[in-house]
Amino acid sequence: MDVVAAFEEGLERGASEYRTAFEEAEDEQALRAANARFVGPSGALTRLMKRMRELPGERRKEFGQRSNQLKQEIAAAFHARLDGLAAAAREAELSGPHLDVSLPGRGRPVGRLHPLTQTKHDLLDVFVEMGFDVADGPEVEKHEYNFDKLGFPPDHPATDMQDTFFVASEGVESEARAVLLRTHTSTVQVREMLARKPPLAVVSAGATFRRDDDATHSPMFMQLEGFMVDDGITFAHLKGVLTHFLQRIFGRDLPVRFRPSYFPFVEPGGEVDMGCTICRRWQRGDAAGECRVCKGTGWIEILGCGMIHPVVFEHVGYDPERHTGFAFGLGVDRITMLRHGVPHLGLLYGNDPRFLNQF
Ligand code: PHE
């Protein structure tokens, strides 16, 4: 089409179309889009005006004026419609329902520590008060540190595939060199003793793993380990520290008893029972009856302990003739359940906010 005809048609069409286009725009965004179709960088009028130089000289002035005039009209109409839309929006807001400034705001939920983590911190704090250092150890561990250095014989049932998660690792010819998920935190005894010299008082807590899965066992659970080594440490120190610890957590009147038991890395070894904090039989003085937690005995088994076996000292290069020490390990899950009356272990690992928000 020849350029003069293109100008005639373009200006006419623009003039006849912009009003309706603006009126049909129902909000600012639509209005701006309509405006851009005429005078935006690639709008119809903009493109036309770029062709001004192609016009024969004698028509240029006339078309120039007509184009500019249309452009101004469009700009005026655009701003008028913009003001109109803003006024209408404001009118709608004012005549609509009132904004209730007394409504409470929508809060952002703030996170919190998981009850297991909270309990872990509380337990560690009691030992820190007594002067223990806090140490850490890896969850993926060498067979050697989890079993061999602790004096487990190579055929001990705990080292079995039934009980332990082994980590597939290349080039491992013997079980003793295998890698596994630690089955207890006693690994930290080995690591710390290899790295440091007595006197030592260390606690460590973290995840441990065994191939168990039922109402009271989870394949991942949490243990806390503590040990002390020096010249002249005796079983009396062990009793004092553990009794103080348990009574600090559960109350000064909590009964605590020590029973002999076996762990390869302690001699003598023991287990500690404490009064059942669910039925509190020691306070009531009568038979415990139906308590499901202590099965009517009034006692709950809470930790394993003992005097560190001389063989462990030999494995870490300590002189067993000179040094003695004690060690203990306990389940942080079990203490958390007893403290808060949590009926099922699974609740602690289910991460259901309906449960967790109750703490
Ligand atoms: N590691 C033992 C267990 O997991 C507990 C324990 C630790 C026992 C330290 C004695 C001394 O069962």
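Thresholds applied
Residues numbered from 1 in each chain as written. Predicted model: local features only at pLDDT ≥ 70, side-chain atom pairs only at ≥ 80, totals over all residues. Heavy atoms only, no water. Helix = DSSP H or I, 4+ residues; strand = E, 2+ residues; numbered from the N terminus. Rg over C-alpha atoms; globule rule 2.2 N^0.38 Å. Buried < 20%, exposed > 50% of the residue type's maximum accessible area, 1.4 Å probe, protein only. Contact = heavy atoms within 4.5 Å. Areas by Shrake-Rupley, 256 points an atom, 1.4 Å probe, with all protein chains shown as cover. Near = heavy atom within 4 Å. Polar contact = N/O pair within 3.5 Å; in protein donor to acceptor, adjacent residues only side chain to side chain. Nonpolar A, V, L, I, M, F, W, Y, C, P; charged D, E, K, R; others polar. Axes fitted to C-alpha atoms, helices over the stretch in contact; angles between N-to-C directions. Parallel < 35°, antiparallel > 145°, perpendicular 65-115°, else oblique. Left-handed = near helix turned anticlockwise from the far one by under 90°. Pairing = 2+ DSSP bridges. Core = buried A, V, L, I, M, F, W, Y, C linked by side-chain atoms within 4.5 Å.

1. Examining the overall build of the protein chain
Along the protein chain, the regular secondary structure elements total 13 helices and ten strands. For 359 residues, the compact-globule formula gives about 21 Å, and the C-alpha radius of gyration of the protein chain, at 40 Å, lies well above that figure. Along the three orthogonal principal directions, the C-alpha set of the protein chain runs to about 120 × 60 × 35 Å. Taken over 359 residues, the protein chain has a buried fraction of 40%. Pairs at least 24 apart in sequence give 68% of the contacts found in the protein chain among residues at least 6 apart. Looking at the protein chain as shown, the accessible area adds up to about 20,300 Å², and 52% of this sits on carbon and sulfur atoms.

2. Some words on the site of the ligand
Taken together, 14 residues are adjacent to the ligand, and His184, Ser186, Arg210, Gln223 and Gly329 come closest. Side-chain polar atom of serine 186 to a nitrogen atom of the ligand: 2.9 Å apart, as the coordinates give it. Glutamine 223 has a polar side-chain atom sitting 2.9 Å from an oxygen atom of the ligand. Protein contact buries 90% of the 330 Å² of open area that the ligand shows by itself. At the level of elements, strand S6 (220-230), strand S9 (299-308) and strand S10 (324-331) are the ones that each hand at least two residues to the shell around the ligand. Counted by class, the shell around the ligand contains six nonpolar, six polar and two charged residues.

3. Regarding the packing of helix H5 (residues 115-129) against helix H8 (residues 235-250)
At a minimum axis distance of 10 Å, the contact between H5 and H8 shows a crossing angle of 135°. On the basis of the axis angle, H5 is oblique to H8. H5 and H8 meet at a crossing whose hand is right-handed. Of the residues in H8, those in contact with Asp122, Leu123, Val126, Phe127 and Glu129 of H5 are Val241, His244, Phe245, Arg248 and Ile249. The residue makeup of the contact of H5 with H8, split by class, is six nonpolar, one polar and three charged.

4. Quick word on the packing of H5 against helix H11 (residues 332-340)
Interhelical geometry of H5 versus H11 gives an angle of 100° and a closest axis separation of 9 Å. The orientation of H5 with respect to H11, classified from their angle, is roughly perpendicular. Facing H5, whose interface residues are Pro115, Leu116, Thr119, Lys120, Asp122 and Leu123, H11 presents Val332, Asp333, Ile335, Thr336, Arg339 and His340. Class assignment of the residues belonging to the contact of H5 with H11 gives a composition of five nonpolar, three polar and four charged.

5. Here's the deal with the sheet that holds strand S1 (residues 133-134)
Sheet architecture is open: seven strands sit in the order S1-S5-S6-S10-S9-S8-S7, paired in mixed fashion. The sheet terminates laterally at S1 and strand S7 (256-261), the two strands that pair on one side only. In this sheet, strand S5 (residues 200-209) lies alongside S1 in parallel orientation, the contact comprising two bridges. Paired with aspartate 133 across the bridge in S5 is valine 202. Where helix H7 (residues 187-195) meets the sheet, its contacts fall on S5, S6, S9 and S10, and the angle it forms with S6 comes to roughly 40°.

6. As for the sheet that holds strand S3 (residues 166-167)
On the basis of which strands lie adjacent, the open sheet formed by three strands has the order S2-S4-S3 and antiparallel pairing. Unpaired on one side and paired on the other, strand S2 (140-142) and S3 mark the two borders of the sheet.

7. Side note on the nonpolar core
Formed by 45 residues in total, the largest nonpolar core has its most connected members in Leu224, Phe245, Phe326 and Phe328. Take this core: its biggest share by element is seven residues, from H8. In contact with phenylalanine 328, not counting residues within four places along its chain, are Phe127, Val203, Leu224, Glu225, Gly226, Phe227, Leu242, Leu303, Gly304 and Cys305. In this structure, Ala25, Leu55, Phe63 and Leu70 belong to the second largest nonpolar core, which totals 22 residues.

8. Some words on the pairing of S7
Note that S7 and strand S8 (residues 266-275) share six bridges and pair antiparallel. Bridge assignment links arginine 259 to a residue of S8, and that residue is glutamate 271. A loop of four residues connects S7 with S8, the two strands running antiparallel in sequence.

9. Comments concerning unusual backbone geometry
The omega angle of the peptide bond from proline 198 to proline 199 is 5°, so this bond is cis rather than trans. In this fold, proline 199 is placed in the loop between H7 and S5. Following glutamate 267, the chain continues into proline 268 via a peptide bond in cis, with omega recorded as -5°. With respect to the element layout, proline 268 can be found in strand S8. At lysine 295, a residue that is not glycine, the phi angle is positive and equals roughly 55°. Considering the arrangement of structural elements, one finds lysine 295 in the loop between helix H9 (281-284) and S9. Residue lysine 295 is classed as exposed on the basis of its relative accessible area of 72%. The backbone of asparagine 351 shows a phi angle near 55°, a positive value even though the residue is not glycine. Inspection of the secondary structure puts asparagine 351 in the loop between helix H12 (345-350) and helix H13 (353-356). Exposure remark for asparagine 351: the relative accessible area of 51% places this residue in the exposed category.

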